Amino acid sequence: MKKRNKNPLILSEILEKNRTLFCENTEKKKNEILLKTHEHFLSELKINENLNIFNYWECVLEIISIAYQFTCCCFFSVLFYVMLEMNSIVEQMKEKTIFIIWRNSTIPEIEYSLLLFSGVLIFICFFWWKFIQKDIDTFGNEKTIPFASSLIVTLILLGASPILRTLTLTYSTDTIIAMVVLLFIIHLLTHDYHYVNGHHDRYNCYLSLNCVILISALLASRLPSSLESFLVLSFAIELFLLFPFLRHHLRKFNYFITYLLIFILMFIITCVGIFIFIQSFFLFTTFILINIILVFVMPLIFTYSQKHYKKEVLGPWDEAYIPQTEYARLRVEHNILY
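Model, not experiment: these values are computed from the prediction. (Residues numbered from 1 in each chain as written. Predicted model: local features only at pLDDT ≥ 70, side-chain atom pairs only at ≥ 80, totals over all residues. Heavy atoms only, no water.)

1. Examining the overall build of the protein chain
- Regarding its fold elements, the protein chain presents twelve helices and two strands.
- Helices (α) and strands (β) of the protein chain occur, in sequence order from the N terminus, as α-β-α-α-α-α-α-α-α-α-α-α-β-α.
- In the protein chain, which comprises 338 residues, the share counted as buried stands at 33%.
- Surface summary for the protein chain: the accessible area is close to 22400 Å², and the carbon and sulfur share equals 67%. (Helix = DSSP H or I, 4+ residues; strand = E, 2+ residues; numbered from the N terminus. Buried < 20%, exposed > 50% of the residue type's maximum accessible area, 1.4 Å probe, protein only. Areas by Shrake-Rupley, 256 points an atom, 1.4 Å probe, with all protein chains shown as cover.)

Shown next, in the form of structure tokens:
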């Protein structure tokens, strides 16, 4: 009887050949599977399938809020300059025949007129704010709330203005100008434009409002009296805290004409103030050009870039989602409150 050859070298060679053949077959099958997969991998790829293309005039209406806020900052700066240079401005206006109302007016009379105007604006803002928060039927029992609220805010500002005025007296004028410009930029960058445009109902303006209060304290230190410091603080509260509530509800309830008319009126008043009181043609043209670029040029760049460069890729690897229109319809059908 013959014995089998059990040479370990021969066995290892046979195993190595079998392993090599197995690996080659496995690699070939993997390549075939990958080729088939790649052929159908991008078949369900969709580009810009659910892309929301914005209209030019919709973008203009949205970006007006930025121009609004920039105009408010310039309007506030013009008011400060008028109060700072009150003596020279009154003398210049008295010499011109077109400004008849300035001829027999004294500086205290003008200051008290501005004070009365500021108080009326605060009352109107609080009245509007409370009116839109309350139902018309139940508002009649709470008519004293706007007056009480406006009176409390006025008294707090009047008491705090001498203290805030003395906080930055030791700062140089150049330092104050640099800080004011920097704080205005931060205010414009951090302002809650979503709330102003009526997209949500919570006003998150802590950083931007703190910047405005600090700006008011810095500018108030350059004014000669506490009354003028109070006027600066009150106008800051009206323009940057109370006025956005009015703009929010004008946008939310689709009062577009009133919204635009107020912006145009503020724009014209600011242009007239820069041209007449500051008398700087450079600032006048710069203010107009910045507003034109913000309102008309930036939406054009945005819509052009969205149409030509925006790419939204969708495929089977993305999570499933319900479109907003379908989600709204399902909420109505099934009475879903959240």
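2. Observations concerning the packing of aromatic side chains
- According to the stated counting rule, one finds 15 aromatic pairs in the structure shown.
- Residues Tyr68 and Phe263 carry aromatic rings whose centres are separated by 5.2 Å and whose planes lie at 55° to one another, so their mutual orientation is tilted. Residue Tyr68 is found in helix H2 (residues 56-84), and its partner Phe263 is found in helix H10 (residues 256-278); the two are separated by 195 residues along the sequence. Grouping residues by exposure puts Tyr68 and Phe263 together as buried.
- Counting every residue linked through ring pairs, the aromatic cluster contains Tyr68, Phe70, Phe243, Tyr259, Phe263, Phe267 and Phe287.
- The lysine or arginine in question, Arg247, covers the ring of Tyr68, its NZ or CZ lying 4.5 Å from the ring centre.
- Lying across the ring of Tyr259, Arg251 places its NZ or CZ 5.7 Å from the centre. (Phe/Tyr/Trp six-rings, centres within 6.5 Å; stacked < 30°, edge-to-face > 60°. Lys NZ or Arg CZ within 6 Å of the ring centre and 35° of its normal.)

3. Points about the nonpolar core
- Of all hydrophobic cores here, the largest spans 36 residues; its most connected members are Phe76 and Phe240.
- Going through the elements one at a time, H2, helix H6 (173-190), helix H8 (206-220), helix H9 (226-252), H10 and helix H11 (281-309) are the ones with two or more residues in this core.
- When residues in this core are grouped by element, the largest group, eleven residues, is from H2.
- Counting nine residues, the second-largest nonpolar core is a separate cluster that includes Val78, Cys271, Ile274 and Phe287. (Core = buried A, V, L, I, M, F, W, Y, C linked by side-chain atoms within 4.5 Å.)

4. With respect to the packing of H2 against H9
- At their nearest, the axes of H2 and H9 sit 11 Å apart, and the two run at 165° to each other. Our classification of the angle between H2 and H9 gives roughly antiparallel. Relative to H9, the crossing made by H2 is right-handed. For the pair formed by H2 and H9, the contact residues are Leu61, Glu62, Ser65, Tyr68, Gln69, Cys72, Cys73, Phe75, Phe76, Leu79, Phe80 and Met83 on the first element and Glu228, Leu231, Val232, Phe235, Ala236, Leu239, Phe240, Phe243, Arg247 and Arg251 on the second.
- A class-by-class count of the residues in the contact of H2 with H9 yields 16 nonpolar, two polar and four charged. (Axes fitted to C-alpha atoms, helices over the stretch in contact; angles between N-to-C directions. Parallel < 35°, antiparallel > 145°, perpendicular 65-115°, else oblique. Left-handed = near helix turned anticlockwise from the far one by under 90°. Contact = heavy atoms within 4.5 Å. Nonpolar A, V, L, I, M, F, W, Y, C, P; charged D, E, K, R; others polar.)

5. Focus on H6
- Between its terminal C-alpha atoms H6 stretches 26 Å, which fits the 26 Å expected from 18 residues at 1.5 Å a residue.
- The complete set of buried residues in H6 reads Ile176, Val180, Leu183, Phe184 and His187. Down the axis of H6, the smallest arc covering the buried residues is 105°, so these residues share one side. Along H6, exposed side chains directed more than 90 degrees from the buried face belong to Asp174, Leu182 and Leu189. (Expected span 1.5 Å × (residues − 1). Arc of directions from axis to C-beta.)

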